[in-house]
Amino acid sequence: MTTTKTARELAETYFTAWEAGDFETLRGLLADDVDFVGALGTASGIDEALGGLRGLGQVLEKIDVKTRVAEGEEVITWFELHTSVAPPAPTANWMHVENGKIARIRVTFDPRGLLAGFEKKA
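Computed from a predicted structure; not experimentally measured.

Chemist: Outline the overall build of the protein, supporting the account with residue identities and numerical values.
Modeler: Across its full length, the protein carries four helices and six strands. When the helices and strands of the protein are listed from N to C terminus, the series reads α-α-β-β-α-β-β-β-β-α. Since a compact globule built from 122 residues should have a radius of gyration of about 14 Å, the 14 Å found for the protein is in line with a globular shape. Each of the three principal axes of the protein carries a C-alpha extent, and together these read 50 × 30 × 20 Å. Taking all 122 residues of the protein together, 40% fall into the buried category. For the protein, long-range pairs separated by at least 24 residues make up 46% of all intrachain contacts whose partners lie at least 6 apart in sequence. With an accessible surface of roughly 6,900 Å², the protein has 51% of that area assigned to carbon and sulfur atoms.

Chemist: Tell me what's going on with the side chain of Thr13, and back it up with residues and numbers.
Modeler: One can find Thr13 in helix α1 (residues 7-20). With near-sequence residues (within four places) excluded, Thr13 lies in contact with Lys5, Thr25 and Leu29.

Chemist: I'd like a description of the nonpolar core, backed by residues and values.
Modeler: Among the nonpolar cores identified, the biggest contains 34 residues, and Tyr14, Trp18, Leu26, Leu30, Leu81, Ile102 and Ile105 are the most heavily contacted of them. Only α1, α2 (23-29), β1 (30-38), α3 (46-57), β3 (60-71), β4 (74-83), β5 (89-98) and β6 (101-108) provide two or more residues apiece to this core. With seven residues, the top contributor of residues to this core is α1.

Chemist: Outline the sheet that holds strand β2 (residues 41-44), supporting the account with residue identities and numerical values.
Modeler: The strand order across the open sheet formed by six strands is β2-β1-β6-β5-β4-β3, and the pairing between neighbours is mixed. Either end of the sheet is taken by a strand with one partner, and the two such strands are β2 and β3. On average, adjacent strands in this sheet sit at an angle of 20° to one another, irrespective of strand direction. Strand contacts of α3: β1, β2, β3 and β4, with the helix running at about 55° to β1, the strand carrying the most contacts.

The rules behind the values
Residues numbered from 1 in each chain as written. Predicted model: local features only at pLDDT ≥ 70, side-chain atom pairs only at ≥ 80, totals over all residues. Heavy atoms only, no water. Helix = DSSP H or I, 4+ residues; strand = E, 2+ residues; numbered from the N terminus. Rg over C-alpha atoms; globule rule 2.2 N^0.38 Å. Buried < 20%, exposed > 50% of the residue type's maximum accessible area, 1.4 Å probe, protein only. Contact = heavy atoms within 4.5 Å. Areas by Shrake-Rupley, 256 points an atom, 1.4 Å probe, with all protein chains shown as cover. Core = buried A, V, L, I, M, F, W, Y, C linked by side-chain atoms within 4.5 Å. Pairing = 2+ DSSP bridges. Axes fitted to C-alpha atoms, helices over the stretch in contact; angles between N-to-C directions.

Below, the structure is given as structure tokens:
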């Protein structure tokens, strides 16, 4: 017997895995055709999405979740993104789940601190 995680549980597992750098777990959560749109770029498909998560994961220090709201197949997570290159960035992440997998992700935050931090690091 298999159990399907709720959208809320998928979001919780997603953030825990990303913070831990566990990309195999992340791969199992994402739909093959996952669609990502964020302040720093877009990704179509699981490999592009994981590439983006790995890229930001190189400077990721902590994800401080403030609140998570779930309704049906929709989840919004409000958190502070802590990186080694910028002050914490207040961030909103919306996920849509289809067939037990994360199918769409939209992320919004002010990217200026991260962009400046990346420039200094280069």
